[in-house]
Amino acid sequence: KYLNELILFSFHNKPRSIEIFVSLCFSLAIGSIHGHSAAVGELSVIWVDAHADINTPLTSPTGNIHGQSMSYVLRELQSKIPVLPNFSWIRPCVSAKDLVYIGLRDVDPEEHYILKLLGVKVFSMSEVDQLGIARVMEETCDYLFSKVKKPIHLSYDIDAIDPSVTPATGTPVVGGLTYREGVYITEQVCQTGLLSAVDMVEVNPLRGQTEEEVQSTVSTAVDLLCGCFGRLREGNHPSDYRLPEP
Ligand SMILES: NC(=[NH2+])NCCC[C@H](N)C(=O)O
């Protein structure tokens, strides 16, 4: 049903082609960013998440790979990544200056150190509170596109949104983005005309306590994807629409 809604919307409105990757786990982003950059070259990455997922295998407090995705693809961290037999295919392909985080509120001390060390642009929930989401998006675009306009890879973890809206996820953190802030991000990213791939991750129906929790999480994820495909809250119409004549 949800996929249907998304596909119908995207066919009727004929957006440019955008790759979508959907996964339970954020480690998907390693492969999707890697493949995306192999296909189109240098990328801008907008990472919307409660977590930075920038632990190296040596700093990770949990050992969970989903908390490490970014460290594998960042050029600046390569000397800190041990050689792992199954990961030899990964080539670092993103520069720290081309990365922006939005929504952070659960960052490990080691990750905080890395973010400061590399000078990564971060709009944590504190900045969202302080500036408002409109300013955050304006500054994100100014920062990323001041020199060269690179294709955007949007990595969207559903746990960026407040767990009151999207509870069916593995590592929920209170104090997240509202539904409206979450959708606004997708509308603005779409309107840059540079969005080239989207990851929608950590949507996990098994983590919903009730059917309502699952529904609310999944339908929010679909709304975010529709926003990426150009759905606007003001409404849309196909460019070839003509009023019927009586
Ligand atoms: N994609 C996620 N859910 N990440 C949660 C990461 C939590 C913690 N920082 C870790 O490294 O394990």
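In the nomenclature of an unreviewed UniProt entry, the protein corresponds to Arginase from the organism Lates calcarifer. According to the UniProt record, the Pathway (unreviewed entry) comment for the protein reads "Nitrogen metabolism; urea cycle; L-ornithine and urea from L-arginine: step 1/1." For the protein, the Catalytic activity (unreviewed entry) comment in UniProt is given as "L-arginine + H2O = urea + L-ornithine".

According to the stated counting rule, one finds one aromatic pair in the structure shown. With a centroid separation of 6.2 Å and 65° between ring planes, the pair formed by W47 and Y101 is classed as edge-to-face. A residue pair is termed long-range when its members are at least 10 positions apart, and W47 in strand β2 (residues 44-48) and Y101 in strand β3 (residues 99-104) qualify at 54 residues. Classification of W47 by relative accessible area gives buried; the value is 0%.

As a further point, take the pattern of salt bridges. It is possible for side chains of opposite charge to pair when their charged atoms get near one another. For the structure shown, the criterion picks out six salt bridges. The salt bridge partner of R75 is E42, with a shortest N-O separation of 2.6 Å. In this pair, R75 sits in the loop between α3 (69-73) and β3 while E42 sits in the loop between α2 (28-40) and β2, placing the two residues 33 residues apart along the sequence. E42 sits in the partly exposed class, given a relative accessible area of 35%.

Every disulfide links exactly two cysteines, by a covalent bond between their sulfur atoms. For the coordinates displayed, the defined rule picks out zero disulfides. No disulfide involves C141; its sulfur sits 12 Å from that of C190, the nearest cysteine. No disulfide involves C190; its nearest neighbouring cysteine sulfur is the one of C228, lying 7.3 Å away. Residue classification places C190 among the buried positions, given a relative accessible area of 17%.

Around the ligand, the structure places 13 residues, and the nearest of them are D53, N55, T62, D108 and T171. Contact between the ligand and D108: a nitrogen atom at 2.7 Å from a side-chain N or O atom of the residue. Contact between the ligand and E202: a nitrogen atom at 3.2 Å from a side-chain N or O atom of the residue.

Moving on: the nonpolar core. Formed by 37 residues in total, the largest nonpolar core has its most connected members in V48, I102, L154, Y156, L177 and I185. Broken down by secondary-structure element, the contributors of at least two residues to this core are β2, β3, α5 (125-131), α6 (133-145), β5 (152-157), α7 (179-191), β6 (195-201) and α8 (211-228). In this structure, I102 is in contact with I46, W47, V48, D49, F123, V128, V136, M137, T140 and I185, ignoring residues within four places of it in sequence. I30, L43, A52 and V94 belong to the second largest nonpolar core, which has 25 residues in total.

Let us look at α7. The end-to-end C-alpha separation of α7 is 19 Å, in line with the 18 Å expected for 13 residues at 1.5 Å each. Along α7, the residues classified as buried are E181, G182, V183, I185, T186, E187, V189 and C190. A positive phi of about 75° marks G193, the residue just after α7.

Let us now look at the packing of α7 against α8. Running from N to C, α7 and α8 cross one another at 25°; their axes reach a closest spacing of 7 Å. One way to sum up the angle between α7 and α8 is to call them roughly parallel. Like other packed secondary-structure pairs, α7 and α8 cross with a definite hand, here right-handed. Residues Y179, G182, V183, T186, E187 and C190 of α7 lie in contact with α8, whose contacting residues are T220, D223, L224, G227 and C228. Considering only residue class, the contact of α7 with α8 consists of five nonpolar, four polar and two charged.

The rules behind each value
- Residues numbered from 1 in each chain as written.
- Predicted model: local features only at pLDDT ≥ 70, side-chain atom pairs only at ≥ 80, totals over all residues.
- Heavy atoms only, no water.
- UniProt positions renumbered as here; feature names shortened; annotations may be inferred.
- Phe/Tyr/Trp six-rings, centres within 6.5 Å; stacked < 30°, edge-to-face > 60°.
- Helix = DSSP H or I, 4+ residues; strand = E, 2+ residues; numbered from the N terminus.
- Buried < 20%, exposed > 50% of the residue type's maximum accessible area, 1.4 Å probe, protein only.
- Salt bridge = Lys/Arg side-chain N within 4 Å of Asp/Glu carboxyl O.
- Disulfide = S-S within 2.5 Å.
- Near = heavy atom within 4 Å.
- Polar contact = N/O pair within 3.5 Å; in protein donor to acceptor, adjacent residues only side chain to side chain.
- Core = buried A, V, L, I, M, F, W, Y, C linked by side-chain atoms within 4.5 Å.
- Contact = heavy atoms within 4.5 Å.
- Expected span 1.5 Å × (residues − 1).
- Axes fitted to C-alpha atoms, helices over the stretch in contact; angles between N-to-C directions.
- Parallel < 35°, antiparallel > 145°, perpendicular 65-115°, else oblique.
- Left-handed = near helix turned anticlockwise from the far one by under 90°.
- Nonpolar A, V, L, I, M, F, W, Y, C, P; charged D, E, K, R; others polar.

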